[in-house]
Amino acid sequence: MIRKITIENFRSIKKQTVVLNKLTAIIGKNGSGKSNFISAITLFKSLATGGDLDVIVNSKIAPLTAELFYFKDHQTDTKFEFTLTTREGNNFVFSYHIAHIKIAGALRIGIQNECLKKVDGQNEVIVYRRDRESAYVGETQNQIPFKIEPTRLMLSSYSDENVIEVTKSILTYTIIIDTIFDTKDGLNIIQSNRPNTNTIDGVAISLLRKNHGRFDNAVKSIQKIIPGFIAPSILTIDDKNIKGIDTIKPQDDEVKNYIVTWTDTAFPDKYSQISLSSGDRRVIHIIFSLFNTDEQSFMVIEEIENGMHYERISKLIDEIRTQATNRKVQLLFTTHSNEILKGLTVPEVIYCKKDTDQGTTLIPISDTIEYETIKNDLRGDHSVADVLQSGLF
Amino acid sequence: MPHIHLGIAYEGELDIEPVQILIERILEPLCQITIKRKISPHTGIIGYVSSYTTIFFVQDCVDIAIYLTDQDESSDDRRGQVIEKIRKVNPLYLDFSAIGICDPHFEKWLIVDHNTAKKVFKIENHSVPLPHNDKTPKYQIATLKNVMKDNQPSLHEVYNSLARELDIDFVRTNCLDFNVFCENLIEVCKNCLRNKENSKHN
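Since the structure is predicted, the reported quantities are computational estimates derived from the model, not experimental observations. (Residues numbered from 1 in each chain as written. Chains lettered and ligands numbered in written order. Predicted model: local features only at pLDDT ≥ 70, side-chain atom pairs only at ≥ 80, totals over all residues. Heavy atoms only, no water.)

Asker: Just to check I follow, could you spell out the layout of surface pockets for this structure?
Answerer: Take a probe with the size of a water molecule and roll it over the atoms, and the empty space left behind shows itself. Residue and element names in this part refer to chain A. Each pocket or cavity is described by its volume, and for the largest pocket that value is around 1,200 Å³. Every residue lining the largest pocket is counted, 37 residues in all, and those nearest its centre are Lys 29, Tyr 351, Gly 391, Leu 392 and Phe 393. Of the residues contributing to the lining of the largest pocket, the split by class is 13 nonpolar, 13 polar and 11 charged. Taken together, 28 residues form the lining of the second largest pocket, with Lys 45, Tyr 173, Ile 175, Thr 197 and Asn 198 sitting closest to its centre. Only helix 1 (34-48), helix 2 (53-61), strand 10 (173-176), helix 5 (200-210) and helix 7 (278-292) provide two or more residues apiece to the lining of the second largest pocket. (1 Å grid on protein atoms, 1.4 Å probe; cavity = no way out; pocket = protein on both sides within 12 Å on 5 of 7 lines; lining within 4 Å. Points joined across faces, edges and corners; volume = space filled by probe spheres on them. Nonpolar A, V, L, I, M, F, W, Y, C, P; charged D, E, K, R; others polar. Helix = DSSP H or I, 4+ residues; strand = E, 2+ residues; numbered from the N terminus.)

Asker: Explain helix 3 (residues 78-89) of chain B here, please?
Answerer: For the α-helix, the turn length of 3.6 residues means that residues three or four positions removed from each other point alike. Residue and element names in this part refer to chain B. Compared with an ideal rise of 1.5 Å per residue, which puts 12 residues at 16 Å, helix 3 spans 17 Å between its outermost C-alpha atoms and is within 8% of the ideal. For helix 3, the complete set of buried residues consists of Arg 78, Val 82 and Ile 86. On an axial view of helix 3, the arc spanned by its buried residues comes to 65°, and they lie on one face. Contact partners of the buried residues in helix 3: helix 2 (49-59), strand 3 (64-70) and strand 4 (97-102). (Expected span 1.5 Å × (residues − 1). Buried < 20%, exposed > 50% of the residue type's maximum accessible area, 1.4 Å probe, protein only. Arc of directions from axis to C-beta. Contact = heavy atoms within 4.5 Å.)

Asker: Can you help me understand the packing of aromatic side chains in this one?
Answerer: Aromatic rings in a pair are described by how distant their centres are and how their planes are angled relative to each other. The final tally for this structure, using the stated rule, is 13 aromatic pairs over all chains. Their ring planes at 25° and their centres at 5.5 Å tell us that Phe 215 of chain A and Phe 288 of chain A sit as a pair that is stacked. Highlighted residues: Phe 215 of chain A in helix 6 (residues 212-225) and Phe 288 of chain A in helix 7, separated in sequence by 73 residues. Phe 288 of chain A shares its class with Phe 215 of chain A; the two are buried. Note on Phe 56 of chain B and Tyr 67 of chain B: the rings are 6.0 Å apart at their centroids and 65° apart in plane angle, and the pair reads as edge-to-face. Taken together, the positions of Phe 56 of chain B in helix 2 and Tyr 67 of chain B in strand 3 put the pair 11 residues apart, joining distant regions of the chain. For the pair shown, Phe 56 of chain B and Tyr 67 of chain B are each scored as buried. Feature note: the residues Phe 106, Trp 109, Phe 178 and Phe 181 of chain B constitute an aromatic cluster, connected by ring pairs. (Phe/Tyr/Trp six-rings, centres within 6.5 Å; stacked < 30°, edge-to-face > 60°.)

Asker: So what exactly am I meant to see when it comes to the side chain of Thr 6 of chain A here?
Answerer: Residue and element names in this part refer to chain A. With respect to the helices and strands, the residue Thr 6 is situated in strand 1 (residues 2-10). Thr 6 sits in the buried class, given a relative accessible area of 10%. Residues contacting Thr 6, with those up to four places away along its chain left out, are Lys 15, Gln 16, Thr 17, Glu 81, Phe 82 and Thr 83.

Asker: Just checking my understanding: could you explain unusual backbone geometry for this structure?
Answerer: When glycine is set aside, most residues are seen to have a negative phi, and most peptide bonds are trans. Cis geometry marks the peptide bond from Asp 103 of chain B to Pro 104 of chain B; its omega dihedral reads 0°. Here Pro 104 of chain B shows up in the loop between strand 4 and helix 4 (107-111). Backbone geometry at Arg 11 of chain A places phi at a positive 45°, although glycine is not the residue there. By the secondary structure assignment, Arg 11 of chain A is in the loop between strand 1 and strand 2 (13-19). A residue is classified by how much of its surface remains accessible, and Arg 11 of chain A, at 29% relative accessible area, is partly exposed. Of note, Glu 303 of chain A is a non-glycine position whose phi angle comes to about 45°, a positive value. Tracing the chain through its elements places Glu 303 of chain A in the loop between strand 16 (298-301) and helix 8 (310-326).

What follows is the structure, given as structure tokens:
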């Protein structure tokens, strides 16, 4: 479990630490910086698992410009830092020195160097460091080639137990921003070795290949939210023969092609994911991802309620809380929904706001003076929705 | 021109800008204002008045707190309830608190001056009385806006225009609860300015 995340120098975030519960929700007005916090986690996860800065940023966040980082007053470089504090209280600081550097002869924004430090009080131990020319690993500082050793592999080669713990935390992030389509004409053929889990087709195949029982449980879980939901049909296309779901074997190493079709309860025909409503797609994506992610992993969801009717939202929060607890998955999400907030307790909520001096601040709602004051006017077992009813946030 | 800091508790998302405009206009001869905090609950303010009072005076250190609530055709003594809740926090704060009880709603203050309303709603024949029905002032404003033919403004713009253009003296004369609020606000403002002046000399 991740206890704390600290982000430094990313968009509106100068430096903020967020203490995480098993379930943590970030609330706040439009433009307060909630999405920036989620984007920083997305960026960090991608960087720490070996992605290239420009590819990650341009494809997942926004065009890569100096505005993406908290460049202070005409500085030409900055340091994007991401600190993970584990349950045992170990601090792992991932530090990325972002600067205008020459890449292929042109001046662009890139990573000048990066390092991972383990910080224990005043003691700092460099776990690894790499810069644009070379990379070094461990205390012996053996030089290894830059290109073929992304962070993930470096961390894996470092056998310290704590590093294994933090590596696991990073690798098991699941981030749901919005369901995407990776097809232009409806049905999509998906290769088993790289299903895109940002699509509901991809996550369904990934889950089915992991465990049929979990797939069935995910379907039952969705049925609690969408009554009458019918499990997707997943077919294996193998040398022009189409085979049924029973032939899909978990952890099969052989690369296969699949197609996924979905059924709308109102119509007998099968459709591609494109024909599902966005509210249905969102529920399916979230629940399948929750079952697809490993136990003890960390799941991040932006605007969890997107596209959903309010009656469905309260069922969704109840179900994801239950299943996240059962599967020991830690959840972090942003929301604007009153229905979601009715299902949350005050300690689970982080209040995000932006002011001119400090940029974005994220503070547990229970630590605010406003809450300290207002709680006397509220009933004992109030929800966050009751707190927000006061208009003070 | 002296300057004072205000906290305002009000009801209804559309209200804050016209409320601010009206307060500025009422206090214009006395001082300039800066609003340090404005709070609108998703329900009536009565249940939260004591918390708001603490936030305004202890956390934000405002000079004056303003509480505006609708009477909603209820027979409750809303003014008495607000006063009691402020008194419970600290009776001294009452000298620096202005209370407006809009009967039945804040929108009535905006529509009492029919001549201004006709101008805002572009009702050209001024001899014709303002269309009236049995509905609330809130409903009446929305209806008048919806029948405007060309270049219809948003409700938000309508509220602001009414607040900017209404004849304050006329509304004070013809709307008792508005006049009570104005007198209360001016008195509280004078208290505050006197206090500031005294503390300067001390």
